[in-house]
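# Structure assessment
Each chain, letter by letter, is given below.
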Amino acid sequence: MKNIEKTKLIFVNLCDILIEIGFYISILTLLYIKIIPLTYQAIGASISLFFWLIKSIIQSKASYIHYPWNLTLTILNIWCWLSLIWSVNTQNTVNYSAIFSAGSLLSIMLSSNITKKFQITRITIFLSVIGTIISIKSIAPALPTYISALKSGQFSGETFLFRKTVLPRIGYTFGEANTLGGFYALLIPYLFSIIFFGSDILKSDKTINKIFKFLCKLFGYPIIFLFLITLMMTSSRGAILGLISSLLFIFFVRRNKQTNLILLLIILILLTLPQIRNFLGYIYAGIVDESRIIIWLNSLELIKIFPFTGVGLGNFKIAYSLYFGEEMMHAHNIYLNTAAELGLPGFIMLVILSVQIIAFGIIFTKQKEDKFYYALNLGLTSMAFGFVIRCLTDFTL
């Protein structure tokens, strides 16, 4: 009997490793999403799904941890596939629904099976290494131009923020500058949280904790700095907004309610000052692209035409071209884009999903006594918050 249990445990651990490998494959194929055919994109998620099922069979129960937002995510997936009934282009809807469902399954599998500290640490190291390689390969060709601009005095905060320079905006194989910037806007707050607040990897061994903390700082600080430089060189204002939002989120979540209320009161008082309002107006006028406002208004018109059904997942570009006579990939707002493609039901589900992930993320973070899991929850929730804020003005990674 004991031998059978040991054998089961070995196979369960092996399945966990293979589920993790499926995630690594998914990330690697995602980096070349413009090159690799869609069918190959599903390989990583398929591997994870297969060994998730095997693990569940071995354990005689589903290897699943329920989170409050999983039900909303499942209903949203069902609505995506139902949009095939009224889709203006069924092939697009099938493709995008498959991608969304694969990503949803992968997130559920990972959150249910990758829960041990060493598993999470391996994934964090993997993401750091991948991010470092992408960063070096992306910035290397453009670096001489930036150094030359700095030396000649052509580069300043104002010219950078308002894009008054001719400096190149860097991108990568999985997307242009905004996508690359969005990738690092997600990675930076996560790594920041793990490095600064997640020092305890083994409660029972203080020596290992000290070594882990030292290695985090030794490699983590330069990596975060490199990622920050890469993000800035994308000149993605949405990504910068997302990063600032994530870091502010971390700051406020770590404060108590009384301190946050005092800080909020101070901010509100500052906003009443004419100098502050004039400065914010100056920044807004320099940053906001008026053409984007037109896209938002046109997207609202699309929603009025198809309020309940939308035009089907993945069909914003077709519908926008048909009604407004120009090509537009997306609405530059994830919520408007979703409402246009999946109607108001899809929009409501996405809003509920966003609120659930952030609200319960804060609750879970506050409940964690272990420093490592506290930092993990804080980092992941700050990523989600920054992503939501950034996607109010964009619709990329």
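Thresholds, definitions, all that
Each chain carries its own residue numbering, running from 1 in the direction its sequence is written. Reporting of local features is limited, given that this is a predicted model, to residues whose pLDDT is at least 70; pairs of side-chain atoms are given and counted only at 80 or more, and all residues count toward the totals for whole chains, interfaces and linings. To get the side-chain values, all heavy atoms of the structure are used, and hydrogens and water are removed first. Lines fitted to C-alpha atoms define the axes here, with helix axes fitted over just the stretch in contact, and angles between the N-to-C directions of these axes take values from 0 to 180 degrees. Each helix is a run of H or I in the DSSP string that is no shorter than four residues. Each strand is a run of E no shorter than two, and both are numbered from the N terminus. Between 65 and 115 degrees an angle is taken as roughly perpendicular, under 35 as roughly parallel, over 145 as roughly antiparallel, and anywhere else as oblique. Two helices cross in a left-handed way if the nearer one is turned anticlockwise from the farther one by less than a right angle. They cross in a right-handed way if the turn is clockwise. Note on definitions: a residue-residue contact is assigned when non-hydrogen atoms from the two residues lie within 4.5 Å. Only protein chains enter the accessibility calculation, which uses a 1.4 Å probe; a residue is then buried when its area is under 20% of its type maximum, exposed when over 50%, and partly exposed in between. Any carboxyl oxygen of Asp or Glu that lies within 4 Å of a side-chain nitrogen of Lys or Arg is treated as forming a salt bridge with it. As a per-residue measure, pLDDT reflects the predictor's confidence and takes values from 0 up to 100. Any helix carries an expected span of 1.5 Å times its number of residues minus one. Distance and chemistry together define a polar contact, namely a pair of N or O atoms within 3.5 Å, with one atom able to donate a hydrogen and the other to accept it when in protein, and with adjacent residues in sequence counting only for side-chain atoms on both sides. Residues belong to a common nonpolar core when they are buried Ala, Val, Leu, Ile, Met, Phe, Trp, Tyr or Cys residues joined through side-chain atoms within 4.5 Å. When two rings of Phe, Tyr or Trp (its six-membered ring) have centres within 6.5 Å they constitute a pair, described as stacked for plane angles under 30 degrees, edge-to-face for angles over 60, and tilted for the intermediate range. What we call the bend at a residue is the angle made by axes fitted to the seven residues finishing there and the seven residues starting there.

## Quick look at the packing of helix 3 (residues 43-59) against helix 5 (residues 90-113)
- Remark: helix 3 packs on helix 5, axes separated minimally by 10 Å, with the N-to-C direction vectors making an angle of 45°. Looking at the two axes, helix 3 sits oblique to helix 5. The way helix 3 lies across helix 5 gives a crossing that is left-handed. Contacts from Ala45, Ser48, Leu49, Trp52 and Lys55 of helix 3 reach helix 5 at Ala102, Leu105, Leu106, Ile108, Met109 and Asn113.

## What to know about the side chain of Gln356
- With respect to the helices and strands, the residue Gln356 is situated in helix 16 (residues 334-367).
- On the basis of relative accessible area, Gln356 is assigned to the buried category, the value being 16%.
- The contact partners of Gln356, leaving out residues within four places of it in the chain, are Pro68, Trp69, Thr72 and Gly361.

## Considering the pattern of salt bridges
- All chains considered together, the criterion is met by five salt bridges.
- Note that Lys304 is salt-bridged to Glu301, the shortest N-O span being 3.4 Å. Taken together, the residues Lys304 and Glu301, both in helix 14 (residues 290-305) and three residues apart, mark about one turn of the helix.

## A look at the confidence of the model for the protein chain
- Per-residue pLDDT for the protein chain averages 86, and the proportion of residues at 70 or more is 90%.
- Confidence scores differ between elements of the protein chain, with helix 8 (residues 157-161) showing the lowest mean pLDDT of 63 and helix 4 (residues 70-82) the highest of 95.

## Quick notes on helix 9 (residues 177-197)
- If you check helix 9, its first and last C-alpha atoms are 30 Å apart, about what 21 residues at 1.5 Å a residue would give, namely 30 Å.
- Among the 21 residues of helix 9, 19 are classified as buried, and the element is accordingly described as predominantly covered.
- A distance of 3.1 Å separates the backbone nitrogen of Asn178 from a side-chain oxygen at the start of helix 9, and that oxygen is part of Glu176.

## Focus: the nonpolar core
- The biggest cluster of nonpolar side chains holds 73 residues, and the ones touching the most others in it are Ile134, Tyr184 and Leu231.
- Ranked by the residues each element gives to this core, the list is headed by helix 9, at eleven residues.
- With twelve residues, the next largest nonpolar core counts Ile295, Phe316, Tyr320 and Ala331 among its residues.

## Examining the packing of aromatic side chains
- Scanning the entire structure with this criterion turns up 22 aromatic pairs.
- Consider the rings of Phe306 and Tyr323, whose centres lie 6.1 Å apart with planes at 80°: the pair is edge-to-face. With Phe306 in the loop between helix 14 and helix 15 (316-324) and Tyr323 in helix 15, this residue pair connects regions lying 17 residues apart in the sequence.
- Geometrically, the ring pair formed by Phe360 and Phe364 is tilted, given 6.2 Å between the ring centres and 40° between the ring planes. Taken as a pair, Phe360 and Phe364 lie in helix 16 at a separation of four residues, close to a single helical turn.
- In this structure an aromatic cluster arises from ring pairing among Tyr67, Trp69, Phe360 and Phe364.

## Description of helix 16
- Its 34 residues place the ends of helix 16 only 30 Å apart at the C-alpha level, less than the 50 Å of an ideal helix rising 1.5 Å per residue.
- Residue Leu342 marks the point of greatest curvature in helix 16, where the axis turns by about 135°; the proline Pro345 follows within four residues.
- For helix 16, the side-chain oxygen to backbone nitrogen distance between the N-cap and Tyr335 is 2.9 Å, and the N-cap itself is Asn333.

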